[in-house]
Every structure is written in C-alpha cells, then in structure tokens.
Amino acid sequence: MPEQLHEPGGAVAATGVGGAMDLAASEGASSGRQSPAASGGRVPDRPSGTGAPPPDPSAATTGRPRSLWSDAWRDLRRNPVFLVSALVILFLVFVSLWPSAIAPGSPLACDLARAQEGPRPGAPFGYDGQGCNVYTRTVHGARTSVTVGVLATLGVAVLGSVLGGLAGFFGGAWDAVLSRVTDIFFAIPVVLGGLVLLSVVTSNTVWPVIGFMVLLGWPQISRIARGSVITVQQNDYVQAARALGASHARILLRHIAPNAVAPVIVVATIALGTYIALEATLSYLGVGLKPPTVSWGIDISAASPYIRNAPHALLWPSGALAITVLAFIMLGDAVRDALDPKLR
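Parameters at a glance
Residues numbered from 1 in each chain as written. Predicted model: local features only at pLDDT ≥ 70, side-chain atom pairs only at ≥ 80, totals over all residues. Heavy atoms only, no water. Helix = DSSP H or I, 4+ residues; strand = E, 2+ residues; numbered from the N terminus. Buried < 20%, exposed > 50% of the residue type's maximum accessible area, 1.4 Å probe, protein only. Areas by Shrake-Rupley, 256 points an atom, 1.4 Å probe, with all protein chains shown as cover. Salt bridge = Lys/Arg side-chain N within 4 Å of Asp/Glu carboxyl O. 1 Å grid on protein atoms, 1.4 Å probe; cavity = no way out; pocket = protein on both sides within 12 Å on 5 of 7 lines; lining within 4 Å. Points joined across faces, edges and corners; volume = space filled by probe spheres on them. Nonpolar A, V, L, I, M, F, W, Y, C, P; charged D, E, K, R; others polar. pLDDT = per-residue confidence, 0-100. Contact = heavy atoms within 4.5 Å. Patch = residues over 30% accessible without salt bridge, like charges linked within 9 Å, V, L, I, M, F, W, Y side chains within 5 Å. Core = buried A, V, L, I, M, F, W, Y, C linked by side-chain atoms within 4.5 Å. Phe/Tyr/Trp six-rings, centres within 6.5 Å; stacked < 30°, edge-to-face > 60°. Axes fitted to C-alpha atoms, helices over the stretch in contact; angles between N-to-C directions. Left-handed = near helix turned anticlockwise from the far one by under 90°. Disulfide = S-S within 2.5 Å. Lys, Arg positive; Asp, Glu negative; His and termini not counted. Polar contact = N/O pair within 3.5 Å; in protein donor to acceptor, adjacent residues only side chain to side chain.

Q: Could you give an account of the overall build of the protein, with specific residues and numbers?
A: The helix and strand tally for the protein stands at 13 helices and two strands. Looking at the protein as a whole, 37% of its 344 residues qualify as buried. Carbon and sulfur atoms form 66% of the exposed surface of the protein, whose accessible area is close to 19,600 Å².

Below, the structure written as structure tokens:
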C-alpha cells in the first residue's frame, strides 16, 4: 500500500501510482474553478520587474524580429541632424547631376569687362577676377568635388575593407605584414605626399587625385575593418558555422561581413567630407585639379589675390565647400549614433 504523507491543513499527498491519480484528480477539480478574469473580477497586478517584457509593437506588426539595421533606420528618421544633412546632400547630388537646371550657361564663359563686379541680375554672386560668373562656377563646381569625394571614398572603403578583413580573419603572417605596411602609410603626411606625388602629374582629369586619396586613405579603413572582423568572429554563431564545416568564403560573406560592416560605413561617411576638403586643398596649392576643370579649390585659389576688392568671389565657393563638408560630417555622426549599440 503506498505511503501517504500528511501535510498541514489536512491535505493528503500520496506517492506512487495511487498518489499520481489523486493529484491528477485534485488538479482536474481545481481547474473547474473560474479564474478571477473569467468571473469578471480584477486580475491582481503583476509586480514590477517580474515576468516577460511587453511585446514590441513594430515586431508584432511586421511579424519579424527587429535587427540592428531596422533600429538604426528608425533612430535616423527621428534624428533632426540626419534629416537636415540628408536634405543638403540630396540637393548637392541633384546639383552635381544637373547643374544646368539651376545655373544655365557655361562656367567657362568669362568677360574681362565685368571682372570683380558685384551681384547683379543674372549673376547673383557677382563676377570673379577673370569676369566669370561666380554663381555658375559655384554650382558647376559641385559636380567635380562630389565626384572626387564619392569615388575616393568607395575606393578607400573597398580596398581597406578587403585587406583589413582578410588580415583580421586569417591573422598570422598576413596580419603582421599588413600591420607594418599600414604603419608606413600612416607616417606619410597627406598634404606633403600630395605635393610630391601629384606635382609630376600633367593630367587634367580627376583620376590622379582619386588614386592618390585611395593610396593614402585605405590604411585607416583597413584598421577599422580588421578590428571589427576580429571582434565579430569570436561570436558563437561564427564558431557554430565553423563547427558545421562552412567554408571560409561563406563565413566571411554570410556571417562576418554583414555584422562587421557598420564601423566601416560610419568612418567612410565621415571621411567623404574630408576627401572633398582634401581635393580643394590640393587644388588650392596647384597640384590637384587644374584649369579648365571647374572646382571649388581652383576658384578659391583664383579669388585669394582679390579678397579685398572682390570678397564675394571667395565667399561663395568657400561657403559651398564648408557646407558640403559639414553636411557629410553631420551625416556620419548621425549614422554612428544610430549604429553604435553602446549609445542606445
């Protein structure tokens, strides 16, 4: 006969087969009672800090869990800094693609009889020392500056990400050699390197300037990518992929790259404005872009001797350059705040 244990209050808890049947019967009897909610009563409040957190409304509507990118996009849409900088950059892109839409006429059409004249109808920014329309040249100069900045940033991001990602993934001798090479490039002053390398170039195209920026700019992105890959490949899902026999290419492209690219995007966005400013600096010094190419740096250099007699010729291209660089830096800061989990 199974042993019975007497509990306080007169309840009997039996062990063995009979006890299991008695417990099942008691549970069935208790389940027949109505809960307070079913009987119209008030359900006691759950103590704070206990139980599961409330469901996310966005996840309930989409049916999918939220990711880092969806959270970042949600934060960016609510950030006024991002909205303002994005509008400015969209306007610059429009001006770069279709400059004649807002500034008809050729930027190379100059009239010495109007040299250093102030604003007037048809020339709201006045004329420079050569009698060129400052408004037309400022608008058309956006295409060159934005083109150089975007192409240089893409080249730096691709080359630096590939080299740094491979060094962080494989390590060993490859990582050691790349680290020493990046140290050598970091020791080269950018402006001095441009003066030395670009002074022997006679081409009037933008490609020598872009190539120089990629040559000296990839080490920064390489270090960022290397550190990000080293951090990501220590996660459990990467170790699980290795344990399941996934190839190196699959691990890099499917598991590491999507989770390690965020710091590279942030640094590249901020660097884009820096490359636009670097192009203007090199053109101002006479080793970057050369006439007849229309560039803000060339116009600033040409207007510098007439700063007292015609300050408007220097003010407008300098202001356009400053606004462009500031817009990309603000965009990079907003993207960094949205993609950095530590700032949430």
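From this point on, the discussion continues.
Q: Please provide a residue-by-residue account of the pattern of salt bridges, values included.
A: Inspection of the entire model under this criterion finds nine salt bridges. With a shortest N-O distance of 3.8 Å, Arg-114 and Glu-117 are connected by a salt bridge. A relative accessible area of 21% means that Glu-117 is categorised as partly exposed. Residues joined by salt bridges that share partners form a network here, namely Arg-114, Glu-117 and Arg-120.

Q: Could you give an account of the layout of surface pockets, naming the residues involved and the relevant values?
A: A volume near 450 Å³ is recorded for the largest pocket. If you trace the largest pocket, you find 19 residues lining it, with Ala-157, Ser-161, Val-162, Ala-257 and Val-261 closest to the centre. Mapped by element, the contributors of at least two residues to the lining of the largest pocket are helix H5 (134–170), helix H8 (207–232), helix H10 (248–260) and helix H11 (262–284). Along the lines of polarity and charge, the residues of the lining of the largest pocket split into 16 nonpolar, three polar and no charged.

Q: Any chance you could break down unusual backbone geometry for me, citing the residues and the numbers?
A: At the junction of Pro-291 and Pro-292, the peptide bond is cis and its omega measures out at 10° in the coordinates. Residue position: Pro-292 is located in the loop between H11 and helix H12 (296–303). Here Gln-116, not a glycine, exhibits a phi torsion of approximately 65°, which is positive. With respect to the secondary-structure elements, Gln-116 resides in the loop between helix H4 (80–97) and H5. Owing to a relative accessible area of 26%, Gln-116 belongs among the partly exposed residues under this scheme.

Q: Which residues make up the confidence of the model for the protein, and what are the values?
A: For the protein, the average pLDDT comes to 81, and 79% of its residues sit at 70 or higher. Predicted confidence for residues 1–53 stays below pLDDT 50, and this span has 19 contacts to residues more than four positions away or in other chains. Ignoring residues within four places in sequence, the model shows residues 57–61, a span with pLDDT below 50, making two contacts including any to other chains.

Q: Outline a nonpolar patch on the surface, listing residues and values.
A: A contiguous nonpolar patch, built from Val-190, Val-191, Leu-192, Leu-195, Val-196, Leu-197, Leu-215, Tyr-284 and Leu-285 and spanning about 730 Å² of accessible area, is present on the exposed surface. In terms of residue count, helix H7 (residues 190–198) provides more of the nonpolar patch than any other element does, six residues in total.

Q: Before we move on, could you go through the nonpolar core and cite the residues and values that matter?
A: One finds Phe-82, Ile-276, Leu-321 and Leu-339 to be the most contacted residues of the largest nonpolar core, which totals 31 residues. Within the residue set of this core, elements represented by two or more residues are helix H3 (68–77), H4, H5, H11, H12 and helix H13 (311–339). Looking at which element gives the most residues to this core, the answer is H13, with twelve residues. Of all hydrophobic cores here, the second largest spans 22 residues; its members include Ala-152, Val-264, Leu-278 and Leu-282.

Q: Can you lay out the packing of aromatic side chains for me, pointing to particular residues and giving the numbers?
A: Within this structure, the stated rule accounts for six aromatic pairs. Relative to Trp-98, the ring of Phe-94 has its centre 5.5 Å away and its plane inclined at 50°; by these criteria the two rings are tilted. Phe-94 gets classed as partly exposed once you look at its relative accessible area, which sits at 35%. Considering the side-chain rings of Phe-185 and Trp-218, the 5.5 Å spacing of their centres and the 65° angle between planes classify their relative orientation as edge-to-face. Taken together, the residues Phe-185 in helix H6 (residues 172–186) and Trp-218 in helix H8 connect sequence positions 33 residues apart. Feature note: the residues Phe-125, Tyr-135 and Trp-316 constitute an aromatic cluster, connected by ring pairs.

Q: Break down the packing of H12 against H13 for me, citing the residues and quoting the values.
A: As a packed pair, H12 and H13 sit with axes 9 Å apart at the nearest point and diverge in direction by 145°. Read as a crossing pair, H12 and H13 show a hand that is left-handed. Of the residues in H13, those in contact with Trp-296, Asp-299, Ile-300 and Ala-303 of H12 are Ala-313, Leu-314, Pro-317, Ser-318, Ala-320, Leu-321 and Thr-324.

Q: Explain the state of the cysteines to me, using residue names and the numbers behind them.
A: Throughout the structure, instances matching the rule amount to one disulfide. Cys-110 shares a disulfide with Cys-132; S-S distance 1.7 Å. On the S-S bond that ties Cys-110 to Cys-132, the torsion sits near 85°, and the link is right-handed. You can see Cys-110 sitting in the loop between H4 and H5 and its partner Cys-132 sitting in the loop between H4 and H5, a full 22 residues away along the chain.

Q: I'd like to hear about the side chain of Lys-290, residue by residue, with values.
A: Along the chain, the position of Lys-290 falls in the loop between H11 and H12. Buried and without a salt bridge, Lys-290 has Glu-279 as its closest oppositely charged side chain, separated by 10 Å. Of note is the side chain of Lys-290, whose polar atom sits 3.2 Å from the backbone oxygen of Gly-288. In this view, Lys-290 contacts Leu-198, Val-201, Ser-203, Asn-204 and Ile-298; residues no more than four positions away in its chain are not counted.

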